[in-house]
Amino acid sequence: MDTNASSSVPGPIRLNLPVEGMTCAGCVSRVERILAGLPGAGDVAVNLATGRASLALKGGAGPAEVAAALAGAGYPVASTETVLAVEGMHCASCVGRVEKALAAVPGVTEASVNLATGQARVRHGEGVVAPVALAAAVRDAGFSAVLPSEAPSVDPAVRREAEARELRRDFIVAALLSAPLVVLDMGSHVAGLGMPAVAHGAAAGLVQAALATVVLAWPGRRFFLKGIPGLVGGHPDMNALVALGSGAAYLYSLVSVLLPQALPEGAAHLYFEASALIVTLILLGRSLEARARGRTGQAIARLMDLSPKTARVVRDGSEQEVPLASLVVGDMVRVRPGERIAADGTVVAGESRVDESMVTGEPAPVRKAPGAAVVGGTLNGGGSLDLRVGAVGAATVLAQIAGMVERAQGGKLPIQALVDRVTGRFVPAVIGIALATFLAWLALGPSPALGPALVHAVAVLIIACPCAMGLATPTAIMVGTGRAAERGVLFRDGAALQALQGVKIVALDKTGTLTEGRPALAGFDTVAGLSEDEALRLAAGLEERSEHPLAGAIIAAARGRSLAVPEAETFAADEGFGVTGRVAGRTVAVGAPRYLDRLGIARDPALVARAEDWSAAGLSPVHIALDGRHAAALAVTDPIKAGAREAVAALRDQGIAVAMVTGDDPGAARQVAARLGIAEVAAGVLPGGKAEAVRRFRATHGKVAFLGDGVNDAPALAEADVGLAVGTGTDIAMESADVVLMSGRPDTLVTAFDLSRAVMANIRQNLFWAFAYNAALIPLAAGLLVPFGGPALSPILAAGAMALSSLFVLGNALRLRRAGAGALPEGTVPQPVERTA
């Protein structure tokens, strides 16, 4: 969008929108007709090559109407996401108000607000909604909104710490002013027992009134400034409950002091200490809550703090220390022993071992030599390294990890939808219950009933805790996803946490997932008249163009024999079958047995028999054809990863079925599966067939999770209910996966399941407490048990209990920081063999 206009802002505007679904000139003509037919539209231009449409709007239709017209014709505007920092939210009702305000902005398709992170994520058509219109909607709802572009230097952690300091200051002030109130109130009850004369009588009332006024007007002002406008506007929140409760107690007491004759005889009671202590205790709770909420996001803060602040750049043969922010791609950086690596890049000189556990969760240091990739923030060992910078800023691995975790923390689980529906009506319902309580005590209570009626109504207002409801889910997600990142498990969104715990079967790719992914040549056989070296060098020449793991085994074997490998003249890959091309003037084909059939090449019986023997022994056979004749067969072995058997056993012990899906030879696949304890095997399948296998598993077992390498497994990852991709430690951009396992260790899969169950259990505990707390204590605060000789809650105790409710939810969520050791704690799984980058 070329201006900051929105449909709510009049005046001529120019739109430039990305339009999806256009495939031909006919589509362009149709889009142009649709746009030209809109009221006030002119200067319409549609470009098929760029996929964009531009037009001028001079009154009439707005951007939202333009997007709606295009979507209705099957050409939707590409969507984007805007993130706003929202300040001033304190409970689930606040979240509901902000979401409702954002969703009402024309052109917004989805709005999700997270109380724990203080962020609003808004999805809308690109160029359809101006960010300033979103910020204005939030401000109109009574909150403060900041766009990232408006405050790029504001650190959320710094903002949270400033909020916590302000709350602590206000609590201390309120406590100091409330202490004399308590003393004076006690004095009024023990008159004649040695208390000073000012402690009781009219003078005491005036002093209490003055102190309570200062408490409510200074540290307690926040509740009235936000609560009263919300109440008047018809969208009350927790601030409104506190303002109503403490304000009612204060005003009643003020009337009792200044106009006692206006009240029924015997009803003039002072509740100044209650009004002040309500504010004090709730400020204490909010202060502790702010501190605890700050701790929920510490995992990502600790991760980002690992990056050094400076880098030692080598320029013109000399070293100079520069700020990390000044690095550019291509810079040469020197890392000394024991230092943290300054940036993502590639080693060009030196050799060392690097601790990458902060990224992968894998404890074994990784050997780094020239050509190896390194990640900024990881810890160098005893060697010195020179590296060339390959990524800076948002492109670094640490930044990508932080971005993924922040997106997951800011998302909402499906279970949150029920909570949102309940909390949206919670505060109005509490106000209704408080009013009913007041009227019931006034009508049925012993005379004078006005005082007890007020006390019980105030207690109902104060005891209700929408904060706990609003924090129950997002705090658990924040802590859980942060803990997962520390363990090398990255959830793309919070919904994956909920989905993973319901999985009934896990389908695992074999190569690179259950096996090391570094196959080696284990056997070779050729037809008469052809030497192994000749067949191997021709196959290696062809495979040098291939990215398949088996290609590496053939190339390594040729190099190991010091063969002169010719360069392929032509090359073609047939995914799932094999590769073919011209090498050294000959037609060469390398692939599975089915590839020979596809090419119409007759199989040599002796080579087929040998291949069957290899398959029965768990080796993967590969066939070579030269000039249309089946000429050789070779066997490839790929070692099973350390800990794979234990991980499979742990999943089965948890009641999760395990299956293996591979394009490998069925005989070899069954042998590997037998060694791992996997009963179900889908072997010899093409990449598209893996998705079909996932559908079969779903039909027989239920919800399916698929774990693959994120490349040729993309169809299966997308088809699965939960897609998990094995990361490489440096590449986390696997768009088909819901979860990325940064380390290749199989036990991180178990960790992912453990964390999913732990987080969901924590959320259920939090929600149970939040709802059970209100269900149990609201009737108690209303005094329903008093007629039967039961207890009642005073407003002061209600304030303390309300604060404790939120703290319980936060404390319970923080327990997740110790979660994730799982069924395979340290030491129970053999450590992976040292890998060479």
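This one's a predicted model, so the numbers in the text were calculated from it and none came from an experiment. (Residues numbered from 1 in each chain as written. Predicted model: local features only at pLDDT ≥ 70, side-chain atom pairs only at ≥ 80, totals over all residues. Heavy atoms only, no water.)

### What to know about the sheet that holds strand β29 (residues 739-741)
Item 1. Pairing is mixed in the open sheet, where seven strands are placed in the order β17-β29-β28-β27-β18-β25-β26. Each of the sheet's edge strands pairs with one partner strand only, and the pair in question is β17 (489-491) and β26 (680-682). Pairs of neighbouring strands in the sheet enclose a mean axial angle of 20 degrees, with direction left out of account.
Item 2. Pairing analysis gives three bridges linking strand β25 (residues 657-661) to β26, with the strands arranged parallel. Pairing of M660 across the sheet is with V681, part of β26. (Pairing = 2+ DSSP bridges. Helix = DSSP H or I, 4+ residues; strand = E, 2+ residues; numbered from the N terminus. Axes fitted to C-alpha atoms, helices over the stretch in contact; angles between N-to-C directions.)

### What to know about the UniProt feature "transmembrane region" (unreviewed entry) in the protein chain
Item 1. According to UniProt, the "transmembrane region" (unreviewed entry) feature falls on residues 171-191, 197-219, 240-262, 268-285, 426-444, 450-473, 767-786 and 792-810.
Item 2. End-to-end, the C-alpha atoms of residues 450-473 are 40 Å apart, and along that stretch the chain is 92% helix and 0% strand.
Item 3. What you have in residues 792-810 is 84% helix and 0% strand, and the ends, taken at the C-alpha atoms, are 27 Å apart. (UniProt positions renumbered as here; feature names shortened; annotations may be inferred.)

### Some words on the packing of helix α14 (residues 450-463) against helix α25 (residues 747-781)
Item 1. In contact at an axis separation of 8 Å, α14 and α25 are set at 165 degrees when each is read in the N-to-C sense. Judged by the angle between their axes, α14 and α25 are roughly antiparallel. Where α14 crosses over α25, the two elements pack in a sense that is right-handed. Residues H456, A459, V460 and I463 of α14 form the contact with α25, whose own contacting residues are Y773, N774, L777, I778 and A781.
Item 2. Counted by class, the contact of α14 with α25 contains seven nonpolar, two polar and no charged residues. (Parallel < 35°, antiparallel > 145°, perpendicular 65-115°, else oblique. Left-handed = near helix turned anticlockwise from the far one by under 90°. Contact = heavy atoms within 4.5 Å. Nonpolar A, V, L, I, M, F, W, Y, C, P; charged D, E, K, R; others polar.)

### Regarding the sheet that holds strand β24 (residues 629-637)
Item 1. Here we have six strands laid out as an open sheet, ordered β19-β24-β23-β22-β21-β20, and antiparallel in their pairing. The open sheet has two edge strands with one neighbour each: β19 (520-526) and β20 (568-574). The mean inter-strand angle of the sheet, taken between neighbouring strand axes irrespective of direction, is 20 degrees.
Item 2. Note that strand β23 (residues 620-626) and β24 share seven bridges and pair antiparallel. Residue pairing in the sheet places I624 in a bridge with A632 of β24.
Item 3. Helix-sheet contacts for helix α17 (residues 532-543) involve β19, β20, β21 (578-583), β22 (586-591), β23 and β24, and the interaxial angle to β22 is about 80 degrees.

### Quick notes on the pattern of salt bridges
Item 1. This structure, assessed with the given rule, holds 30 salt bridges.
Item 2. Among the salt bridges present, the one from R561 reaches E532, with a minimum N-O distance of 3.2 Å. Of this pair, R561 sits in the loop between α18 (549-560) and β20 while E532 sits in helix α17, and the two are 29 residues apart along the sequence.
Item 3. Residue R561 is classed as partly exposed on the basis of its relative accessible area of 34%.
Item 4. We classify E532 as partly exposed; its relative accessible area is 31%.
Item 5. When the shortest N-O distance is used, the salt bridge between R695 and E719 registers 3.2 Å. Taken as a pair, R695 in helix α23 (residues 687-701) and E719 in helix α24 (residues 714-719) lie far apart in primary sequence, 24 residues in all.
Item 6. We classify R695 as partly exposed; its relative accessible area is 36%.
Item 7. A relative accessible area of 24% means that E719 is categorised as partly exposed. (Salt bridge = Lys/Arg side-chain N within 4 Å of Asp/Glu carboxyl O. Buried < 20%, exposed > 50% of the residue type's maximum accessible area, 1.4 Å probe, protein only.)

### Some details on the environment of M404
Item 1. Along the polypeptide, M404 turns up in helix α12 (residues 397-410).
Item 2. Residue classification places M404 among the buried positions, given a relative accessible area of 3%.
Item 3. Distance from M404 to V739, taken between C-alpha atoms, is 10.0 Å for residues 335 residues apart in sequence.

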